[in-house]
Amino acid sequence: MAAGLYAQNVPWDAHRAFGYLEKQVQFGPRIPGSREHLACRDWIVAHAEAFADTVIVQQFRAYRPVTGDTVDAFNIIARFHAGGAKRVMLSTHWDTRPFADRDPLSPGRPVPGANDGASGTAVLMEMMEHIPMLPGDTGIDVVFWDAEDMGIAGSGEGFCQGSEYYARHPVEPLPEKGILIDMIGDHELRIPVEANSMRYAPQLVAEVWEIARRLGYREVFPLETGPEVYDDHVPLNETAGIPTINVIDFHYTARGRNLWHTTRDLPSYCSPRSLQIIGEVLVTWITEQ
Ligand SMILES: [Zn+2]
């Protein structure tokens, strides 16, 4: 069955997906160690359990570089077609940054994380409802990384702790390749090729950007090199050996003002349409595996 047919028959629900984004922001900041974080974890796990074959919660201790102590953190792994000979991974981070250190007015306050945290999670929450209906029996691990955004800017220390933990303690059987999504809710979505992705997995970049072009999203996915981002795909490539690309719009602004890692990372600067575009690209990629 062609992906287009699937898309016509079972429309990917952009508004339901956007509701998942808003719901996360309503929980409050999802900072490891907080009550809101645990509430959001339970909500993701319950949703995953309704659709996936198996849900594995990988608990670990995350280091807080600012306070120097550790807190409980949780990677959530939803496994579909557990017996599939071939496996792929779709992933995103679900935690939010404890401090808005790019905010000119309130750098100590937490980031609401509508785009940075909730957008990728919303897309994968919606995705899980569709995967059981997709043709084929390719195994799919949908993974929500925790403790991605606790690091100290500029030092590189303390970022991507969930994917680093998984890379050192992988859950067998390992996927053979994967797509990471992060900050894909931007109301002005534009996703150039992330520089590390091109180095690690150029073939996968070509596949995904070709799908986007075919779906009519050539302007959203320009074939040009964007910023190099240290994100969860780095430990997946370097430590776990899973070729993974990062689909990310690192340029998150409104009227020329930066929203990334500020208190203005809010649903009003995100759009259902952006979640829809990413959803369509991922559904098509999955059906072509
Ligand atoms: Zn961030």
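The structure under discussion appears in the preceding block.
Residues numbered from 1 in each chain as written. Predicted model: local features only at pLDDT ≥ 70, side-chain atom pairs only at ≥ 80, totals over all residues. Heavy atoms only, no water.

Chemist: Could you clarify how one ought to interpret the sheet that holds strand β6 (residues 244-248) in this entry?
Modeler: Paired through backbone hydrogen bonds, the strands of a sheet run either parallel or antiparallel to each other. Read from one edge to the other, the open sheet built from six strands follows the order β1-β2-β4-β3-β5-β6, with strand pairing classed as mixed. The sheet terminates laterally at β1 (54-63) and β6, the two strands that pair on one side only. Neighbour to neighbour, the strand axes of the sheet diverge by 20° on average, direction disregarded. Note that strand β3 (residues 87-93) and strand β4 (residues 139-145) share seven bridges and pair parallel. The residue of β4 that forms the bridge with H93 is W145. Where helix α3 (residues 35-51) meets the sheet, its contacts fall on β1, β2 (70-80) and β4, and the angle it forms with β2 comes to roughly 15°. (Pairing = 2+ DSSP bridges. Helix = DSSP H or I, 4+ residues; strand = E, 2+ residues; numbered from the N terminus. Axes fitted to C-alpha atoms, helices over the stretch in contact; angles between N-to-C directions. Contact = heavy atoms within 4.5 Å.)

Chemist: How do you make sense of the coordination of the zinc ion when you look at a structure like this?
Modeler: Any two of four tetrahedral donors ideally make an angle of 109.5 degrees at the metal, while pairs among six octahedral donors ideally make 90 or 180 degrees. Binding of the zinc ion to the protein goes through D116 (OD), D149 (OD) and H261 (NE2), at separations of 1.9 to 2.2 Å. On the primary sequence, the residues serving as donors to the zinc ion are separated as D-x32-D-x111-H. Placement of the pair is D116 in the loop between β3 and α4 (118-130) and H261 in the loop between β8 (257-258) and α9 (272-287), with a sequence separation of 145 residues. Neither residue differs from the other here; D116 and H261 are each classed as buried. (Donors = N, O, S within 2.8 Å, 3.2 Å for Na, K, Ca; no water. Buried < 20%, exposed > 50% of the residue type's maximum accessible area, 1.4 Å probe, protein only.)

Chemist: How do you make sense of the packing of aromatic side chains when you look at a structure like this?
Modeler: Between two aromatic rings, the relevant description is the distance of the centres plus the angle of the planes. Going through the model one piece at a time under the given rule, you end up with six aromatic pairs. Aromatic pair Y20 and W43: ring centres 6.0 Å apart, planes at 65°, arrangement edge-to-face. Here Y20, found in helix α2 (residues 14-27), pairs with W43, found in helix α3; they are 23 residues apart in sequence, far enough to count as distant. Across the pair, exposure class does not vary: Y20 and W43 are buried alike. Cation over ring: R41 sits above F74, and NZ or CZ is 4.5 Å from the ring centre. The residue whose ring lies beneath R199 is Y200, and the NZ or CZ to ring-centre distance is 5.1 Å. (Phe/Tyr/Trp six-rings, centres within 6.5 Å; stacked < 30°, edge-to-face > 60°. Lys NZ or Arg CZ within 6 Å of the ring centre and 35° of its normal.)

Chemist: I tried to follow the environment of Q59 on my own but got confused; where do I start?
Modeler: Along the chain, the position of Q59 falls in strand β1. With a relative accessible area of 46%, Q59 lands in the partly exposed category. For the pair formed by Q59 and A73, sequence separation is 14 residues and the distance between their alpha carbons is 5.7 Å. Here Q59 is in contact with D72, A73, F74 and Y165, once residues within four sequence places are set aside.

Chemist: Honestly, the pairing of β4 in this entry has me stumped. Any pointers?
Modeler: For a regular strand, the rule is simple: side chains alternate between the two faces of the sheet. Here β4 lies mainly inside the structure; seven of its seven residues are buried. Where burial is concerned, the two faces of β4 agree: the one with G139, D141, V143 and W145 and the one with I140, V142 and F144 are both buried. Sheet topology note: the β2/β4 ladder contains five bridges and is antiparallel. What sits directly across from I77, in β4, is V143. Regarding the hand of the β-α-β motif, the stretch spanning β3, α4 and β4 is right-handed. (Right-handed = clockwise from strand over helix to strand, strands pointing away.)

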